[in-house]
Protein chains: 2
Amino acid sequence: MDLDARKLGILKAIIDEYIMSASPVGSRAISKHEEFNLSSATIRNEMADLEELGYLEQPHTSAGRVPSDKAYRLYVDQMMQKAALTDGEIKIIRAHMSAKLDEVESVMKQTAQALSAVTNYTAMVMPPMLASNRLRHIQLVPLREGRALVIIVTTAGFARDAVIRVPEDMRTGELERISHVLTERFYDCRMDQIGERIAREMSGEIFERRSFLCSVIEAIEKKMGPDSPNVQLSGATNMLHYPEYADMNKAKSFLAAVEGRSMLYEMLKRASKLEFTITIGNENPDEMFKDCSIVTATYQIGEEPLGSFGIIGPTRMNYGKVISVLEYMRRSLSEMLTNDLDE
Amino acid sequence: MDLDARKLGILKAIIDEYIMSASPVGSRAISKHEEFNLSSATIRNEMADLEELGYLEQPHTSAGRVPSDKAYRLYVDQMMQKAALTDGEIKIIRAHMSAKLDEVESVMKQTAQALSAVTNYTAMVMPPMLASNRLRHIQLVPLREGRALVIIVTTAGFARDAVIRVPEDMRTGELERISHVLTERFYDCRMDQIGERIAREMSGEIFERRSFLCSVIEAIEKKMGPDSPNVQLSGATNMLHYPEYADMNKAKSFLAAVEGRSMLYEMLKRASKLEFTITIGNENPDEMFKDCSIVTATYQIGEEPLGSFGIIGPTRMNYGKVISVLEYMRRSLSEMLTNDLDE
DNA sequence: TATTAGCACTCTGTTTTATTGAGTGCTAAC
DNA sequence: GTTAGCACTCAATAAAACAGAGTGCTAATA
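Residues numbered from 1 in each chain as written. Chains lettered and ligands numbered in written order. Predicted model: local features only at pLDDT ≥ 70, side-chain atom pairs only at ≥ 80, totals over all residues. Heavy atoms only, no water.

Peer 1: Can you explain the protein's contact with DNA strand C? Please cite residues and give values.
Peer 2: As a matter of local geometry, DNA strand C sits amid 17 residues, with A:Arg6, A:Thr42, A:Thr61, B:Ser27 and B:Arg65 nearest to it. The contact atoms of DNA strand C, taken as those within 4 Å of the protein, divide so that sugar and phosphate hold 75%. Residue A:Ser39 places a main-chain N or O atom 2.9 Å away from a phosphate oxygen belonging to DNA strand C. The separation between a phosphate oxygen of DNA strand C and a polar side-chain atom of A:Thr42 is 2.6 Å. With 3 residues, the single largest contributor to the surface near DNA strand C is helix 3 (residues 40–52) of chain A. Here the surface near DNA strand C is built from residues that sort into 2 nonpolar, 11 polar and 4 charged. (Near = heavy atom within 4 Å. Polar contact = N/O pair within 3.5 Å; in protein donor to acceptor, adjacent residues only side chain to side chain. Helix = DSSP H or I, 4+ residues; strand = E, 2+ residues; numbered from the N terminus. Nonpolar A, V, L, I, M, F, W, Y, C, P; charged D, E, K, R; others polar.)

Peer 1: Summarise the domain arrangement of chain A; cite the residues concerned and give the values.
Peer 2: When the parts come together, some accessible area is lost, and that loss is often what is quoted as the size of the interface. Annotation of chain A at the domain level lists domain 1 (5–79), domain 2 (87–129 + 228–340) and domain 3 (135–224). Relative placement of domain 1 of chain A and domain 3 of chain A: their C-alpha centres are 62 Å apart. (Domains from an automatic or database assignment.)

Peer 1: Before we move on, can you summarise the sheet that holds strand 8 (residues 276–280) of chain A with the specific residues and values?
Peer 2: Residues and elements named next belong to chain A. Taken together, the 5 strands give an open sheet; going across it, the order is 7-3-10-9-8, and neighbouring strands pair in antiparallel fashion. Single-partner strands in this sheet number two, and they are strand 7 (232–234) and strand 8. The sheet shows a mean angle of 15° between the axes of neighbouring strands, taken without regard to direction. Pairing between strand 8 and strand 9 (residues 292–301): 5 bridges, direction antiparallel. Across the sheet, the residue bridging to Ile278 is Val295, located in strand 9. (Pairing = 2+ DSSP bridges. Axes fitted to C-alpha atoms, helices over the stretch in contact; angles between N-to-C directions.)

Peer 1: Go over the side chain of A:Ser68, please, and point to the residues and values.
Peer 2: All names here are of chain A. Note that Ser68 resides in the loop between strand 2 (66–67) and helix 4 (69–79). Look at Ser68 and you get buried, because its relative accessible area is 4%. Looking at Ser68, its side chain comes within polar contact range of the main-chain oxygen of Gly54, at 2.7 Å. (Buried < 20%, exposed > 50% of the residue type's maximum accessible area, 1.4 Å probe, protein only.)

Peer 1: Tell me about the relation of the copies chain B and chain A, and please be specific about residues and values.
Peer 2: With an axial shift of 0.0 Å and an RMSD of 0.1 Å, the rotation relating chain B to chain A amounts to 180°. Overall, the copies show the geometry of a two-fold rotation axis. It is B:Met248 whose C-alpha, among those of chain B, lies nearest the rotation axis, at 3.5 Å. Taken together, the interface assignments show that 100% of the residues at the interface of chain B recur at the interface of chain A, consistent with an identical surface on both copies. (Least-squares fit on C-alpha atoms with pLDDT ≥ 70 in both. Contact = heavy atoms within 4.5 Å.)

Peer 1: Residue-level account of the packing of helix 7 (residues 172–186) of chain A against helix 9 (residues 210–224) of chain A, with values.
Peer 2: Residues and elements named next belong to chain A. Relative orientation of the contacting elements helix 7 and helix 9 amounts to 60°, with a least axis distance of 12 Å. Classified by the angle their axes make, helix 7 and helix 9 are oblique. Along this stretch, helix 7 crosses helix 9, giving a crossing that reads as right-handed. Counted together, Leu175, Ile178 and Leu182 of helix 7 and Phe212, Leu213, Val216 and Ile217 of helix 9 form the full contact between these two elements. (Parallel < 35°, antiparallel > 145°, perpendicular 65-115°, else oblique. Left-handed = near helix turned anticlockwise from the far one by under 90°.)

Peer 1: Any chance you could break down the protein's contact with DNA strand D for me, citing the residues and the numbers?
Peer 2: Taken together, 19 residues sit near DNA strand D, with A:Ser27, A:Arg65, B:Thr42, B:Thr61 and B:Ser62 positioned nearest. Sugar and phosphate atoms constitute 74% of the interface atoms of DNA strand D, taking the interface as everything within 4 Å of the protein. Between B:Thr42 and DNA strand D, the recorded distance is 2.6 Å, taken from a side-chain N or O atom to a phosphate oxygen. B:Arg44 is positioned with one of its side-chain polar atoms (N or O) 3.4 Å from a base oxygen of DNA strand D. In terms of residue count, the dominant contributor to the surface near DNA strand D is helix 3 (residues 40–52) of chain B (4 residues). Tallied by class, the residues present in the surface near DNA strand D amount to 3 nonpolar, 12 polar and 4 charged.

Peer 1: Quick one: what's the story with the interface of chain B and chain A, residue by residue and with numbers?
Peer 2: Taken together, the contacts link 54 residues of chain B with 55 residues of chain A. The junction of chain B with chain A conceals about 4200 Å² of combined surface from both sides, 47% of it contributed by carbon and sulfur atoms. Our count for the chain B to chain A interface comes out at 0 salt bridges. Seen at the junction of chain B and chain A, the total is 10 residue pairs in polar contact (both at pLDDT 80 or more). When contributions to the side of chain B that touches chain A are tallied by element, the ones reaching two or more residues are helix 6 (104–119), strand 4 (135–142), strand 5 (147–154), strand 6 (159–165), helix 7 (172–186), helix 9 (210–224), helix 10 (248–259) and helix 12 (319–340) of chain B. Grouping the amino acids of the side of chain B that touches chain A by side-chain chemistry returns 22 nonpolar, 13 polar and 19 charged. (Buried area = accessible area lost by both parts, 1.4 Å probe. Salt bridge = Lys/Arg side-chain N within 4 Å of Asp/Glu carboxyl O.)

Peer 1: Any chance you could break down the layout of surface pockets for me, citing the residues and the numbers?
Peer 2: For the second largest pocket, the calculated volume is near 380 Å³. Every residue lining the second largest pocket is counted, 26 residues in all, and those nearest its centre are A:Arg136, A:His137, B:Val141, B:Pro142 and B:Thr172. When contributions to the lining of the second largest pocket are tallied by element, the ones reaching two or more residues are strand 4 (135–142) and helix 7 of chain A together with strand 4 and helix 7 of chain B. A per-element tally of the lining of the second largest pocket places helix 7 of chain A first, with 5 residues. (1 Å grid on protein atoms, 1.4 Å probe; cavity = no way out; pocket = protein on both sides within 12 Å on 5 of 7 lines; lining within 4 Å. Points joined across faces, edges and corners; volume = space filled by probe spheres on them.)

Peer 1: Give me the lowdown on the nonpolar core, citing residues and values where you can.
Peer 2: Counting 212 residues, the largest nonpolar core has A:Val150, A:Phe289, A:Ile312, B:Val150, B:Phe289 and B:Ile312 as the members making the most contacts within it. Leave out the neighbours within four places in its chain, and B:Phe289 touches B:Phe254, B:Ala257, B:Val258, B:Met263, B:Leu264, B:Met267, B:Gly281, B:Asn284, B:Ile294 and B:Ile312. Counting residues in each nonpolar core, the second largest holds 14 residues, with A:Leu149, A:Ile151, A:Val163 and B:Leu143 among its members. (Core = buried A, V, L, I, M, F, W, Y, C linked by side-chain atoms within 4.5 Å.)

Peer 1: Run through the packing of helix 1 (residues 5–21) of chain A against helix 4 of chain A, naming residues and quoting values.
Peer 2: Residue and element names in this part refer to chain A. Two elements in contact, helix 1 and helix 4, have axes separated by 11 Å at closest approach and are oriented at 105°. Here helix 1 lies roughly perpendicular to helix 4, going by the angle between them. Across the interface between the two elements, Leu8, Leu11, Lys12, Ile15, Asp16, Tyr18 and Ile19 from helix 1 touch Ala71, Tyr72, Leu74, Tyr75 and Met79 from helix 4. Looking at side-chain class alone, the contact of helix 1 with helix 4 contains 10 nonpolar, no polar and 2 charged residues.

Structure (structure tokens):
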């Protein structure tokens, strides 16, 4: 017994149906599909086979069948067709993205909102990882006594800042001078190589302000590292609309898991190595998301991947639509970051 | 019939009891309090009076009584005692606040988390409004052709950035020069007065780069204005633990209201004029929060109020504890921003 | 041999009905 | 002014009855 064309067709019909209705689908519902022209009894036999093969599951004896994770996997790999965006959906996205966005933070936020508004699932967006960016400018700004703000700007226009200590006897002019020296020396250096280069190039030389410089570099490195997990989240409550989360406890634990961004951050980081990922139910390493599916995409400036974003929904998710939305968003986000960040 | 001492005592007992139990309190429960030494029948009479006076309500005949908003108001104004923080609670706060916090963003986030962890309600923290800050530094950093990043630093060490357009023919040196001129000219000027001063002082002079300068100032002003509403939120799901939100729909609408930060932002902005505010149920202008109470406090650097934060919970909230927590937090946050933003 | 009609059976979800128990208001006695 | 006593109310829970969707199996059919 193997998966012939008919079984495949029936399985697809069941999955499509279940994605729509969220309730177990019975043989009669499928037998009504004209393309098959089979009685419910025949469908029942086929369904029994599909169950044996592991593609369907029965919540209890006299309910219809529900697709298994294995079935969804097959579905996204071979059967599903992408659903092009409707005009309405494009409009929604545009509405979010066309506002004057002059700050990375708000681009991330709007992206998340657009995604969740269009898909009705939960959206997450990871801020850009700056490791692959190149340094454009370093500026030290004196604050009250003993403190200064160090600001780093990358080629792509991202800025980070941190408060650092400054030796009491240092004058403003000197901070200005150091800013210049550092900018010049590390101009166009990859952010994740600054630490290394400092170790190499400065080891021989003698700097009056050695320890201070080290603390500056340290602060910079910290900011560039695993970019402080402020993942943008939007539409977490969308999940409450779905019958999968009608149970209070399930809803509670989902929301709690998602609220403490860290799991999402890990997921997105993992996913940022591939242009797209689809993770279905069990395939998810986090126990918490065993009955969710997660679809992600990466965004980039030019050729450099910068970060990733994605949506979380029930395994019974409208994969075709979601994938199209992410493809669209990936393009428009990358474009936006490359060209338009200011109008 | 008026509120004599006995009625007051009984009312307080009822409120305290209800805050603990969340279920309507009956006459028998109160009659057991030793301090009164009254039978349940007497209590019943008093309760009937209190109901007539508008301090108690009955969900239905044959249930106990529930305090009205009016009762809570009286409670917080006159009867409630503050509950000092326990060692455990202080430890929780310290754990959040003592991490290396070198960025305002993360201070806000940690504050929100500490608040929600300690109170078990929902916490919100508004980022600093920079209007009353003074300018410390302006820096223009050239990016790809035609774009630059403008960075503003205030005395208190807050930085903001925005991408702006630059005339194609402008050279790096010129941007550097303009940075210096602007910094010098507006050094120590209140952020919310820069626009005004520009209008006044520059109207006479002729600058080669007039329109460009205007766009720089415009970008600055926008950043300083109603500080882009990225209110930090934490513990929204805490509410789901309370029987008040056992109903899915209530939970859903609360979470949705809170997710779109904007209402919270408005609340916090309004509240930022007073050191503390307590808003109970109906007193809240937002329909959405008619059965919540909101307690807020402001934080500051030196004498200047910078922003506010607070917690949202059911009207049946542990006011005494919450107020103590906010007082504590107000001090430690203000201190932190004034002195320690770097270790 | 593959398909189908028919039928008994299973199991959930909903509605209906009883039952319990906490709490009240009122009256009459203290 | 206080209290014991009692009838009454009402929500919440449990138990019972019922409806309906769906299945698996068997025997007939093409």
